[in-house]
Amino acid sequence: MQSLINKVPRSATERLRVSEIFLSLQGESTTAGLPTVFVRLTGCPLRCHYCDTEYAFRGGTTMDVNAVVAAVAGHQIRHVTVTGGEPLAQPASLPLLARLCDAGYQVSLETSGALDVSQVDTRVMKVLDLKTPGSGEVGKNRYRNLEYLAPRDQVKFVICSRDDYEWARAKVDEYRLSGRCEVLFSPCYGQQDAARLAEWILEDRLPVRFQIQLHKVLWGNEPGR
């Protein structure tokens, strides 16, 4: 029997709520510093206390996948990041990611890790944010997602305190993350001293990549940057 979703017109299943599409420098991950087109989708089921994109929780513009790909093409940049909010909260994010890959872009997905990543196109670089206790959303982590990480994918921890650091260090060891993919430790902007976090990593010889949010160094919390 044909599934219900197959009875829905394709145009209806591939519509997205988009907060913004903009060009900036990638501020995080192993591609930090590269000119990147960001597709920020609307909506998120999480409420991390340090969230800097609350404006993307609601509103936005309805677009079909083809229109989003066309808007990306107008920037003439090969790197594309689909972010949010939480992109995977919208089912049409999956065909969008695949379509961008088909068009020849280097595509990354920024996801909280609270939603299933198993159906994400394998050509996409997943940057999965495991929520620390300091986020207020640690209970939303979906640890089964770690099984779907490839060597080019990344796991990010936003560190808000020494307790967060110890928690994250334990998770790196428990799931053997440093042997699975790149691991990123990032200080919570305005809360965790960056130099102190760097010192902890060095003291413990931790096999992780320290990072700061480059876009915030350049532009602060300015939206769309």
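You'll find the structure just up there.
The numbers attached to residues start from 1 for each chain and follow its sequence in the written order. The predicted nature of this model means local features are confined to residues of pLDDT at least 70 and side-chain atom pairs, given and counted, to a pLDDT of 80 or more, with totals for whole chains, interfaces and linings taken over all residues. Excluded from the side-chain calculations are hydrogens and water; all other atoms, namely the structure's heavy atoms, are used.

## Thoughts on the pattern of salt bridges
Convention followed: Salt bridge criterion: a side-chain nitrogen from Lys or Arg within 4 Å of a carboxyl oxygen from Asp or Glu. When accessible area is computed with a 1.4 Å probe and restricted to protein chains, residues below 20% of their type maximum are described as buried, those above 50% as exposed, and intermediate ones as partly exposed.
By the definition in use, this model includes 14 salt bridges. Notably, a salt bridge pairs aspartate 121 with arginine 123, separated by 2.8 Å at the nearest N-O pair. By relative accessible area, aspartate 121 is classed as buried at 17%. Note on arginine 123: relative accessible area 38%, which makes it partly exposed. Shared partners join several salt bridges into a network, and the residues in it are Arg162, Glu166, Arg169 and Asp204.

## Quick notes on the packing of aromatic side chains
Defined as follows: Ring pairs shown here join Phe, Tyr and Trp side chains whose ring centres sit within 6.5 Å, with only the six-membered ring taken for Trp; geometry is labelled stacked below 30 degrees between planes, edge-to-face above 60, and tilted in between. Strands are runs of DSSP state E lasting at least two residues, helices are runs of H or I lasting at least four, and both sets are numbered from the N terminus onward.
Taken as a whole and assessed by the stated rule, the structure comprises six aromatic pairs. Arranged with centres 5.3 Å apart and planes meeting at 5 degrees, the rings of tyrosine 143 and tyrosine 175 form a pair that is stacked. Of this pair, tyrosine 143 sits in the loop between β6 (125-130) and β7 (154-159) while tyrosine 175 sits in the loop between α5 (162-174) and β8 (182-187); the two residues are 32 residues apart in sequence, bridging distant segments of the chain. Ring geometry for tyrosine 165 and phenylalanine 185: centres 6.0 Å apart, planes at 85 degrees, overall edge-to-face. On the criterion of sequence distance, the pair formed by tyrosine 165 in helix α5 and phenylalanine 185 in strand β8 is long-range, its members being 20 residues apart.

## Let's talk about the side chain of threonine 53
Keep this limit in mind: What makes two residues a contact is simply this: any of their non-hydrogen atoms within 4.5 Å.
As for its position among the elements, threonine 53 is in the loop between β2 (35-41) and β3 (61-64). Judged by relative accessible area, which is 12%, threonine 53 ranks as buried. Leaving out residues up to four positions away in the same chain, threonine 53 has contacts with Arg40, Gly84 and Gly85.

## Examining helix α6 (residues 194-203)
Turn by turn, an α-helix covers 3.6 residues, leaving residues three or four places apart pointing in a common direction. Short version of the rule: Throughout, the arc means that of the directions going from the helix axis to the C-beta atoms. What qualifies as a polar contact is a pair of N or O atoms within 3.5 Å, subject to a donor-acceptor requirement within protein and to the restriction that residues adjacent in sequence count only when both atoms come from side chains.
Three or more residues of α6 are buried, namely Leu197, Trp200 and Ile201. Seen end-on, α6 carries its buried residues on one side only, within an arc spanning 100 degrees. Against β7, α5, β8 and β9 (209-210) lie the buried residues of α6. For α6, the capping residue at the N-terminal end is aspartate 193, with a side-chain oxygen 3.3 Å from the backbone nitrogen of alanine 195.

## What to know about the side chain of asparagine 141
Positionally, asparagine 141 belongs in the loop between β6 and β7. There is a polar contact of 3.3 Å between the side chain of asparagine 141 and the backbone oxygen of valine 138. Side-chain polar atoms of asparagine 141 contact the side chain of tyrosine 143, separated by 3.4 Å. When residues no more than four places from it in sequence are discounted, the contact partners of asparagine 141 are Gly113, Asp129, Leu130, Lys131 and Trp167.

Shape descriptors only; they carry no functional weight alone.
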